[in-house]
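Inside the fold
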Amino acid sequence: MSARAAQFSLTAVVLLLGFLLVTQLRSQARPTELSSLSAQDLSTLIETLSDRNRQLRSAVADAREQLREYTAAESQGQSALDVSREDLLRITAFGGLEAVQGQGIVVTVDGQLDSIAVNDLLNELRNAGAEAIAVDSVRITARSVCVQAPLTLQIDGTKVGKQFTMRAVGDPEGLLAALQRPGGIISQLQLFVSATIDVQQTGQVTIPASQVDLAPHVAKLAE
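Residue numbering note: each chain is counted from 1, following its sequence as written. At least 70 in pLDDT is required for a residue's local features to be given in this predicted model, at least 80 for side-chain atom pairs to be given and counted, and no such filter applies to totals for whole chains, interfaces and linings, which use all residues. As a rule here, side-chain values come from all non-hydrogen atoms in the structure, and water together with hydrogens is ignored.

Some words on the sheet that holds strand S2 (residues 132–135)
Under the convention used in this document: Pairing between strands is defined by DSSP: at least two bridges between them are needed. Strands are runs of DSSP state E lasting at least two residues, helices are runs of H or I lasting at least four, and both sets are numbered from the N terminus onward. Only C-alpha atoms enter the line fits that serve as axes; for helices the fit covers just the stretch in contact. Angles between N-to-C directions range over 0 to 180 degrees.
Taken in spatial order, the five strands line up as S3-S2-S7-S1-S8 in an open sheet, and their pairing is antiparallel. Pairing within the sheet leaves two strands with one partner each, and these edge strands are strand S3 (138–140) and strand S8 (195–207). Taking each pair of neighbouring strands and ignoring which way they run, the sheet shows an average axis angle of 20 degrees. Pairing between strand S1 (residues 100–111) and strand S7 (residues 163–169): seven bridges, direction antiparallel. By the bridge assignment, Val107 is partnered in S7 with Met166.

Re the sheet that holds strand S6 (residues 158–160)
Which entries qualify depends on this criterion: The criterion used for residue contact is that any of the two residues' heavy atoms lie within 4.5 Å.
Reading across the sheet, the three strands line up as S4-S5-S6 and stay open at both edges, with antiparallel pairing between neighbours. The outermost strands of the open sheet, each flanked by one partner alone, are strand S4 (146–148) and S6. Neighbour-to-neighbour, the strand axes of this sheet turn through a mean angle of 40 degrees, independent of strand direction. Across three bridges, the pairing between strand S5 (residues 153–155) and S6 is antiparallel. Across the sheet, residue Gln154 finds its bridge partner in S6, namely Lys159. On the sheet, helix H4 (residues 115–127) packs against S4 and S5 and is oriented at approximately 175 degrees with respect to S4.

A few points about H4
An α-helical turn contains 3.6 residues, so any two residues separated by three or four positions project in the same direction. Put simply, the rule reads: A helix's residues, less one, multiplied by 1.5 Å, set its expected span. Exposed residues in this analysis have more than 50% of their type's maximum accessible area, buried residues have under 20%, and partly exposed residues fall in between, with area computed by a 1.4 Å probe over protein chains only.
The first and last C-alpha atoms of H4 sit 18 Å apart over 13 residues, in line with the 18 Å expected at 1.5 Å per residue. Turning to H4, its buried residues number three or more, namely Ser115, Ala117, Val118, Asn119, Leu121, Leu122, Glu124 and Leu125. Looking at the residues trailing H4, positive phi occurs at Gly129, about 100 degrees.

Quick word on unusual backbone geometry
The phi torsion at Asp136 lies on the positive side, around 55 degrees, for a residue other than glycine. With respect to the helices and strands, the residue Asp136 is situated in the loop between S2 and S3. Asp136 gets classed as partly exposed once you look at its relative accessible area, which sits at 30%.

Here we look at the pattern of salt bridges
Our working rule: Salt bridge, as used here, is a side-chain nitrogen of Lys or Arg placed within 4 Å of a carboxyl oxygen of Asp or Glu.
For the structure on display, the rule yields one salt bridge. In this structure, the salt-bridge partner of Glu124 is Arg181, at a minimum N-O distance of 3.7 Å. In this pair, Glu124 is assigned in helix H4 and Arg181 in the loop between helix H5 (172–180) and helix H6 (185–189), connecting sequence segments 57 residues apart.

As for the nonpolar core
We apply this condition: What we call a nonpolar core is a set of buried Ala, Val, Leu, Ile, Met, Phe, Trp, Tyr and Cys residues that are connected through their side-chain atoms within 4.5 Å.
In this structure, Leu113, Val118, Leu125, Met166 and Leu179 are the most contacted members of the largest nonpolar core, which totals 31 residues. Considering each element in turn, this core owes the most residues, five residues, to H4. With near-sequence residues (within four places) excluded, Val118 lies in contact with Leu113, Cys146, Leu153, Ile155, Phe164 and Met166. In terms of nonpolar packing, the next biggest core, distinct from the first, is built from six residues, Val100, Ala132, Val169 and Ile207 among them.

Right, dumping it as structure tokens:
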């Protein structure tokens, strides 16, 4: 319920209370007529006034309870809204729409890597649980892929030189172990390419937001 609904309900209760009070006052405002009433009539009148007083107390109690329920509902609605906002922030952050930071690793590459090698490194980081990845200033999203352009490598339309840095947010030890394990991706690449690949853990790494339009052009929500 909204605050406006609560105000309408309270207004209705106030009108009801006002009506009952006016009725009661009118009944009490004719003292000259009371003397002409019999004992039974007076007893009936007292019982009627008592019933009306109980109705008033009950109406006030109902109004207070309803107001309490409206207040609680509004508080719960605000809490749900806060949770939704936090969920949206997490989705936009780790989907690539917002910059993120945290502990992770830094991979420094110097040498001749082809697009397949770069993609293999990226996939190894993804599989190892990296929560966010960047190659130099390019945020890696679900649809990012390294391709061989005529003169250089490119990711999302941005050139990747012979020297570049990969940064990944995630468990530093897990990411490091995945890349440097015996027979892992670095060991394999060093058999085929002439490049130096250095991996360092870091307590704080920042991953920029993607500069690419991530809105789908074909896909839509299923009905």
